[in-house]
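Analysis of the macromolecular model
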Amino acid sequence: MSDFAYRLLDPTRPAMGLIVLRVDETIEQDFRRYIPLEAARLHVTRVQSGDSLTPDTIAGMEADLGAAAGLLPPSAGFDVVGYACTSGTAQIGPERVRALVAAGTPTRHVTNPLSAALAAFEDRGLGRVGIVSPYVASVAASLRRAFVAEGVVVPEMLSFGEEVEARVARIDPRSIAEAARALAARGGMDAVFLSCTNLQTYDILPELEAELGLPVLSSNQVLAWHMCRLAGIAAVAGPSR
């Protein structure tokens, strides 16, 4: 047997890495819709996470984050890697997330839904943002504190009080829309943020924006938008849609 000569291709599309919670069933489907196949190479890995999201399970996820990043293909030459957990980032801290991911895999940029939301708020000049969260108060409160620490006023917040991630993924988008309407009705805000990468928000955002007359952003939307911005991709659905 003899070796057959072959050629190697140099990738022409930006490379993106996505670190998804073991229990998340939503974000991969959304990313396939937000980021066209021809726009980027998307590689996904999973991080160990509890069936319920609590401060304790988030702390455990922090310990596994670097190893999860290390399972991304090292030769991909990542332009950006995103850690897909809004509340996890709020508790762990964006800088700690960045350090753990960068230690696990070589990448030019690291982001997450919290940092992406802050970038989107700044991009659209939003300073007073109401939050819809699926989680119990102990988890939701950390997100509010994280936004406030960055100068974002959070005048109102609604939560479904859910701990079990399998149930979060199955919350009816109509219920999410109803919560956004109830939140906006309280007034005093210039945008609504639907927090959690496991919530099904993709199809309700345009209609809610038109109905409420306010920007309505979601974790998956802003993360996809920010990753595209960091990778130098312009044509993607995002918070200016």
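Going by the structure above, here's the rest.
Presented here is an overview of the structure given in this document.

Rules used in this analysis
Residues numbered from 1 in each chain as written. Predicted model: local features only at pLDDT ≥ 70, side-chain atom pairs only at ≥ 80, totals over all residues. Heavy atoms only, no water. Pairing = 2+ DSSP bridges. Helix = DSSP H or I, 4+ residues; strand = E, 2+ residues; numbered from the N terminus. Axes fitted to C-alpha atoms, helices over the stretch in contact; angles between N-to-C directions. Salt bridge = Lys/Arg side-chain N within 4 Å of Asp/Glu carboxyl O. Buried < 20%, exposed > 50% of the residue type's maximum accessible area, 1.4 Å probe, protein only. Parallel < 35°, antiparallel > 145°, perpendicular 65-115°, else oblique. Left-handed = near helix turned anticlockwise from the far one by under 90°. Contact = heavy atoms within 4.5 Å. Nonpolar A, V, L, I, M, F, W, Y, C, P; charged D, E, K, R; others polar. Right-handed = clockwise from strand over helix to strand, strands pointing away.

Taken in spatial order, the 4 strands of this open sheet run β2-β1-β3-β4, and their pairing is parallel. The sheet is open, and its two borders are formed by β2 (41-47) and β4 (107-111), each paired with just one other strand. Sheet twist, expressed as the mean angle between neighbouring strand axes with direction ignored, is 20°. In the sheet, strand β1 (residues 15-21) pairs with strand β3 (residues 78-84) via 5 bridges, with the strands oriented parallel. In the sheet register, Ile-19 faces β3, and the bridge partner there is Tyr-83.

What follows is about the pattern of salt bridges. When charged atoms on two side chains of opposite charge get close, those side chains can pair. Tallied over the full model, the rule gives 13 salt bridges. Asp-123 is paired through a salt bridge with Arg-229; the nearest N and O atoms lie 2.9 Å apart. In this pair, Asp-123 sits in helix α5 (residues 113-124) while Arg-229 sits in helix α10 (residues 219-231), placing the two residues 106 residues apart along the sequence. The exposure class of Asp-123 is partly exposed, given its relative accessible area of 37%. For Arg-181, the salt bridge goes to Glu-211, with nearest N and O atoms at 2.6 Å. Placement of the pair is Arg-181 in helix α8 (residues 173-185) and Glu-211 in helix α9 (residues 205-212), with a sequence separation of 30 residues. When its relative accessible area of 33% is taken as the criterion, Arg-181 is described as partly exposed.

A few words now on the packing of α5 against helix α6 (residues 137-149). Two numbers describe how α5 lies on α6: the axes approach to 11 Å, and their chain directions differ by 45°. Classified by the interaxial angle, the pair formed by α5 and α6 is oblique. Handedness of the α5/α6 crossing: right-handed. Between α5 and α6, the contacting residues are Leu-114, Ala-117, Leu-118 and Phe-121 on the first element and Leu-143, Ala-146 and Phe-147 on the second. Broken down by class, the residue content of the contact of α5 with α6 amounts to 7 nonpolar, no polar and no charged.

Note that β1 and β2 share 7 bridges and pair parallel. Among the inter-strand pairings, Leu-21 is bridged to a residue of β2, identified as Val-47. On the question of chirality, the crossover connecting β1 to the parallel β2 by way of helix α1 (residues 27-34) is right-handed.

Turning our eyes to something else, we now look at the side chain of Ser-195. Structurally, Ser-195 can be placed in the loop between β7 (191-194) and α9. For Ser-195, a relative accessible area of 1% puts it in the buried group. Look past the residues within four positions of Ser-195 in its chain and what remains in contact with it is Thr-86, Ile-131, Val-132, Ser-133, Pro-134, Leu-143 and Ser-219.

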